[in-house]
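Remarks on the overall topology
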Amino acid sequence: MIERIDLFHLPFYKKEAFTGSDRGLRFWIGRIEAGGEDKEKVPLLRAIVWPEPFALHATPEEQKVNKDFTFSEEGLDQVYGWILGEGREYALGQHFSK
């Protein structure tokens, strides 16, 4: 089972994305920029979850679930909770119901 400390600290996500897996669930956490041409770009943390066994780019879009969070340590705490809670339930429930 993943622990919050396994997700590194916020400076890591300024340059890299993190991928991992936990009991049948795969996940990706990375920095994205939100905002259109008229708005200032705002950094966010995006978490994507999907069922094993495939990598992110080899998994059909309909099996992926994503959610955005504030780009902060608190946002990273929320990412952790979401991956283990709602994200896991949705991705694995969707996978096993087919």
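Before reading on, note that the structure itself is shown above.
The structure reproduced in this document is the subject of the present report. Residue positions are given per chain, counting from 1 as you read along its sequence in written order. Predicted model: local features are reported for residues with pLDDT of at least 70 only, side-chain atom pairs are reported and counted for 80 or more only, and whole-chain, interface and lining totals are derived from all residues. Excluded from the side-chain calculation are hydrogens and water; included are all heavy atoms of the structure.

1. Brief notes about the pattern of salt bridges
Let me state the cut-off plainly: Throughout this description, the term salt bridge denotes a Lys or Arg side-chain nitrogen within 4 Å of a carboxyl oxygen of Asp or Glu. Secondary structure counts use DSSP, requiring at least four H or I residues in a row for a helix and at least two E residues in a row for a strand, with both numbered from the N terminus. Per-residue accessibility, obtained with a 1.4 Å probe over protein chains only, is compared with the maximum for each type, and a residue is labelled buried under 20%, exposed over 50%, and partly exposed between these values.
If you walk through the whole model with that rule in mind, you get seven salt bridges. The partner of Asp77 in a salt bridge is Arg4, and the shortest N-O contact between them spans 2.6 Å. Taken as a pair, Asp77 in helix H2 (residues 73-96) and Arg4 in the segment before helix H1 (10-13) lie far apart in primary sequence, 73 residues in all. A relative accessible area of 43% places Asp77 in the partly exposed class. Notably, a salt bridge pairs Asp68 with Arg46, separated by 2.6 Å at the nearest N-O pair. Here Arg46 lies in strand E3 (residues 42-51) and Asp68 lies in strand E4 (residues 65-70), a separation of 22 residues in the sequence. For Asp68, a relative accessible area of 33% puts it in the partly exposed group.

2. Thoughts on the nonpolar core
Inclusion rule: Buried residues of nine kinds, namely Ala, Val, Leu, Ile, Met, Phe, Trp, Tyr and Cys, make up a nonpolar core once their side-chain atoms join them within 4.5 Å.
Grouped together as the largest cluster of nonpolar side chains are 21 residues, with contacts concentrated most on Tyr13, Phe27, Ile29, Leu45, Val49 and Ile83. Counting residues per element, the ones that place at least two in this core are H1, strand E2 (25-34), E3, E4 and H2.

3. What to know about the sheet that holds E3
What counts here: By the convention used here, strands pair only if DSSP detects at least 2 bridges between them. Lines are fitted to the C-alpha atoms to define the axes, a helix being fitted only along its stretch in contact, and any angle between axes, read from their N-to-C directions, falls within 0 to 180 degrees.
Strand order in the open sheet made by the four strands is E1-E2-E3-E4, with antiparallel pairing throughout. The sheet is open, and its two borders are formed by strand E1 (18-22) and E4, each paired with just one other strand. Each adjacent strand pair in this sheet contributes to an overall mean axis angle of 25 degrees, direction not counted. Relative to E2, E1 is paired through five bridges, and the arrangement is antiparallel.

4. Details of the packing of aromatic side chains
Each aromatic ring pair is summarised here by two numbers: the centre-to-centre distance and the angle between the ring planes. Stated precisely, the cut-off is as follows: Side-chain rings of Phe, Tyr and Trp (the six-membered ring for Trp) are treated as a pair once their centres are within 6.5 Å; stacked means planes under 30 degrees apart, edge-to-face means over 60, and tilted covers the remaining angles. Only when the NZ atom of a Lys or the CZ atom of an Arg is both within 6 Å of the ring centre and within 35 degrees of the ring normal do we say a charge sits over the ring.
Inspection of the entire model under this criterion finds five aromatic pairs. Plain terms: the ring middles of Phe18 and Phe27 are 6.0 Å apart, the flat faces sit at 40 degrees to each other, and that makes the pair tilted. The burial state of Phe18 is the same as that of Phe27; both residues are buried. An aromatic cluster is built from Phe8, Phe12, Tyr13, Phe18 and Phe27, whose rings are joined through pairwise contacts. Sitting over the ring of Phe71, Arg31 keeps its end group 5.5 Å from the ring centre.

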